[in-house]
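# A look at the structure
Single-letter residue listing:
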Amino acid sequence: MSNGITVELEAALPFIRDEELTILEPQVKQIHHQLHAKSGVGSDFLGWVDLPLNYNQEELAVLKNAAAQVKEEAEVLVVAGIGGSYLGARAALEMLSPYFPPGVDGPGAYPQVIFAGHHLSGTYLQELLAYLAEKEFCLNVISKSGSTTETAVAFRFLRKLAEEKYGKEGAKSRIFVTTDPHSGALRRLAEEAGYQTFNIPADVGGRYSVLTPVGLFPLAVAGLDVDQILAGAVKAYQDSAVAEPAKNSAYQYALLRYLFHQKGKKVELMVTYEPSLYYFTEWWKQLFGESEGKAGKGLFPAAVNFTTDLHSLGQYIQDGQKILFETVLQVVRSKAALVLPAEENDLDGLNYLAGRQIDEINAQALQGTILAHQDGGVPVMVIKIPELSAYYFGYLVYFFEKACAMSGYLLGVNPFDQPGVEEYKQNLFALLGMAGYEERRGRILARLAKAEQP
């Protein structure tokens, strides 16, 4: 049994010349050493690089004990966070949990994990509060600053409900705060209220924080094996600790996507054949979108689920503008063993498939699609995952984090900041009348008024 993933490039290399890869090798090696020496641009946020190797075991034990407490007390854990504060945990839960889990009273059941604070829908929040009013629940709020609008709004309502339901003292033991270890509004609030806290390392940015308490606490509550997640990440660290691209799959992936960008490709399409990988691609989209989309550079990260989306987007991918390439996540070993039965009358014409497993049919659809898209001028990389498990979730997270850092440095951008995200926040604060934004508010209102003139 392999204990790593493999990257197959056969359907992508025909679009690349060998010398293009060779020329970049010295730059890749230089970037590798910058990452591990933490000396490159954005080095204040490179704590994720060796995080799996140096994980604080004392903190992990406290986290597991708190998760066990939630399991004893609650039917539901509400996780309030946005972006990197929720996407990683949701990706793991969707990937590793049954499609149709048992109820909270079922054998071996764990608390239901529900997410909030990742949008501003009043309808969603109102219905969530009504749902929680009839449940035993705990709350995990995640934010480095504590002032992120979407999360802070949700937390106000959820905290109020917890205090009304359990009283201030009762609520205190049911609210868990994951935040900056030293500063920020949420840190101050947690200390004043006496909530149990978990630290987001100061040198780990939000989209690189899955392997911190940001992701591990809700996953432990849900019964996932966080030790195996970290073990998978350690293996990915080891596999990507060599500077030579030929021996480092993460760097091979980063190199090819960089070269496709240089050749005019605009979109990387992440392809899955398992619906449970949907939220993993959502996490991947944030990781690469926020890390690379700067200074007019970067690929647009998009995702599709096949074979479903072959019936809506397959035509464009095959015959539309040649602006994209595909990265396919292929799961090698399935949990299912469904065999298609034969029918006496064979009205649907499927008896030629009788006796075959459904996942074998799915695998052939994958191969046939790759061949068709390659023939249509679309490069395809395939990332083979031996199975969907906690171990390989941890491996994939670190694999893509390492690849993203390499890819961003190759592009010449800082992969660890997100200056563009701040612009919409400033406008939102101004429009909502936040103190200190009066001048900006005046400019925005004048602009909007001008746009409305006939």
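Analysis parameters
- Residues numbered from 1 in each chain as written.
- Predicted model: local features only at pLDDT ≥ 70, side-chain atom pairs only at ≥ 80, totals over all residues.
- Heavy atoms only, no water.
- Helix = DSSP H or I, 4+ residues; strand = E, 2+ residues; numbered from the N terminus.
- Rg over C-alpha atoms; globule rule 2.2 N^0.38 Å.
- Contact = heavy atoms within 4.5 Å.
- Areas by Shrake-Rupley, 256 points an atom, 1.4 Å probe, with all protein chains shown as cover.
- Lys, Arg positive; Asp, Glu negative; His and termini not counted.
- Charge placed at Lys NZ, Arg CZ, Asp CG, Glu CD.
- Expected span 1.5 Å × (residues − 1).
- Buried < 20%, exposed > 50% of the residue type's maximum accessible area, 1.4 Å probe, protein only.
- Polar contact = N/O pair within 3.5 Å; in protein donor to acceptor, adjacent residues only side chain to side chain.
- Pairing = 2+ DSSP bridges.
- Salt bridge = Lys/Arg side-chain N within 4 Å of Asp/Glu carboxyl O.
- Axes fitted to C-alpha atoms, helices over the stretch in contact; angles between N-to-C directions.
- Parallel < 35°, antiparallel > 145°, perpendicular 65-115°, else oblique.
- Left-handed = near helix turned anticlockwise from the far one by under 90°.
- Nonpolar A, V, L, I, M, F, W, Y, C, P; charged D, E, K, R; others polar.
- pLDDT = per-residue confidence, 0-100.

## Some points on the overall build of the protein chain
- Looking only at helices and strands, one finds 15 helices and ten strands in the protein chain.
- Taken over the C-alpha trace, the protein chain has a radius of gyration of 24 Å; the compact-globule value for 454 residues is 22 Å, and the two agree within 12%.
- If you take every contact in the protein chain between residues at least 6 apart in sequence, the share linking residues at least 24 apart comes to 78%.
- Entry remark: accessible area of the protein chain is about 21,100 Å², with carbon and sulfur atoms responsible for 52%.
- Taking the 39 positively charged and 53 negatively charged side chains of the protein chain as two groups, their mean positions are separated by 7 Å.

## Some points on helix H9 (residues 249-262)
- Taking 1.5 Å of rise per residue, the 14 residues of H9 would be expected to cover 20 Å, and the 20 Å separating its terminal C-alpha atoms lies within 8% of that figure.
- Three or more residues of H9 are buried, namely Ala250, Tyr251, Gln252, Tyr253, Ala254, Leu255, Leu256, Arg257, Tyr258, Leu259, Phe260 and His261.
- With a side-chain oxygen positioned 3.1 Å from the backbone nitrogen of alanine 250, the residue opening H9 is asparagine 248.
- Of the residues one or two after H9, glycine 264 is the one with positive phi, at around 100°.

## A closer look at unusual backbone geometry
- Threonine 307 follows phenylalanine 306 through a cis peptide bond whose omega is 10°.
- Position of threonine 307 among the secondary structure elements: in the loop between strand S8 (300-305) and helix H11 (314-319).
- Phi is positive for lysine 38, which is not a glycine, with a value near 55°.
- If you trace the backbone, lysine 38 turns up in the loop between helix H1 (18-37) and helix H2 (57-73).
- By relative accessible area, lysine 38 is classed as partly exposed at 30%.
- Of note, the phi angle at aspartate 346 is positive, near 50°, even though the residue is not glycine.
- Within the element layout of this structure, aspartate 346 appears in the loop between strand S9 (324-331) and helix H12 (358-375).

## Some details on the pairing of strand S3 (residues 112-116)
- Counting buried positions over the five residues of S3 gives four, a clear majority of the element.
- Alignment of strand S2 (residues 76-80) against S3, held across five bridges, turns out to be parallel. Pairing of alanine 80 across the sheet is with alanine 116, part of S3.

## Regarding the environment of phenylalanine 100
- Note that phenylalanine 100 resides in the loop between helix H3 (87-96) and S3.
- With 78 residues separating them along the chain, phenylalanine 100 and threonine 178 place their C-alpha atoms 29 Å apart.

## Thoughts on the pattern of salt bridges
- Counted by the stated rule, this structure contains 20 salt bridges.
- A salt bridge links glutamate 20 to lysine 263, with the shortest nitrogen-to-oxygen separation between them at 2.9 Å. On the criterion of sequence distance, the pair formed by glutamate 20 in helix H1 and lysine 263 in the loop between H9 and strand S7 (267-272) is long-range, its members being 243 residues apart.
- The class of glutamate 20 is buried, set by a relative accessible area of 15%.
- Two residues, glutamate 163 and arginine 159, come together in a salt bridge whose shortest N-O distance is 3.5 Å. Of the two residues, glutamate 163 and arginine 159 are both situated in helix H5 (residues 149-172); the distance of four residues between them amounts to about one turn of the helix.
- Residue class for arginine 159 comes out partly exposed when judged on its relative accessible area of 26%.

## Description of the packing of helix H8 (residues 226-239) against helix H13 (residues 390-411)
- Relative orientation of the contacting elements H8 and H13 amounts to 40°, with a least axis distance of 6 Å. Regarding the angle of H8 to H13, the classification is oblique. By crossing handedness, the relation of H8 to H13 is classed as right-handed. From H8, Gln228, Ile229, Ala231, Gly232, Ala233, Lys235, Ala236, Tyr237 and Asp239 reach across to H13, where they touch Ala390, Tyr391, Phe393, Gly394, Tyr395, Tyr398 and Phe399.
- A per-class count over the contact of H8 with H13 returns eleven nonpolar, three polar and two charged.

## Points about the confidence of the model for the protein chain
- Of the residues in the protein chain, 96% have a pLDDT of 70 or more, and the chain-wide mean is 92.
- At the level of individual helices and strands, the protein chain shows its lowest average pLDDT in helix H14 (residues 419-431), which scores 71, and its highest in S7, which scores 98.

## Brief notes about the side chain of lysine 265
- For lysine 265, the position within the fold is in the loop between H9 and S7.
- Despite its burial, lysine 265 remains without a salt bridge, the nearest opposite charge being carried by glutamate 326 at 10 Å.
- Side-chain polar atoms of lysine 265 contact the backbone oxygen of lysine 322, separated by 3.2 Å.
- Those residues in contact with lysine 265 that sit more than four places away from it in its chain are Phe260, Leu299, Lys322, Ile323, Leu324, Phe325, Gly377 and Pro379.

## Some points on the sheet that holds S2
- Read from one edge of the open sheet, five strands run S3-S2-S4-S5-S6, paired in parallel fashion. In this open sheet, the two strands that pair with only one neighbour each are S3 and strand S6 (196-199). Each neighbouring strand pair of the sheet contributes to a mean axis angle of 20°, computed without reference to strand direction.
- Taken together, the five bridges between S2 and strand S4 (residues 137-142) define a ladder with parallel strand orientation. Bridged to leucine 77 within S4 is cysteine 138.
- Contacts from H2 reach S2, S4, strand S5 (175-179) and S6, with the element oriented near 135° to S6.
- Sheet contacts for helix H6 (residues 185-193): S4, S5 and S6; angle to S5, the most-contacted strand, approximately 145°.

## What to know about the packing of H9 against H13
- Where H9 meets H13, the axes come as close as 8 Å, and the angle between the chain directions of the two elements is 40°. One element, H9, and the other, H13, form an angle in the oblique class. For the pair H9 and H13, the crossing hand works out as right-handed. Between H9 and H13, the contacting residues are Ser249, Ala250, Tyr251, Tyr253, Ala254, Leu255, Arg257, Tyr258, His261 and Gln262 on the first element and Phe399, Phe400, Lys402, Ala403, Met406, Ser407, Leu410 and Leu411 on the second.
- In terms of residue class, the contact of H9 with H13 is built from twelve nonpolar, four polar and two charged.

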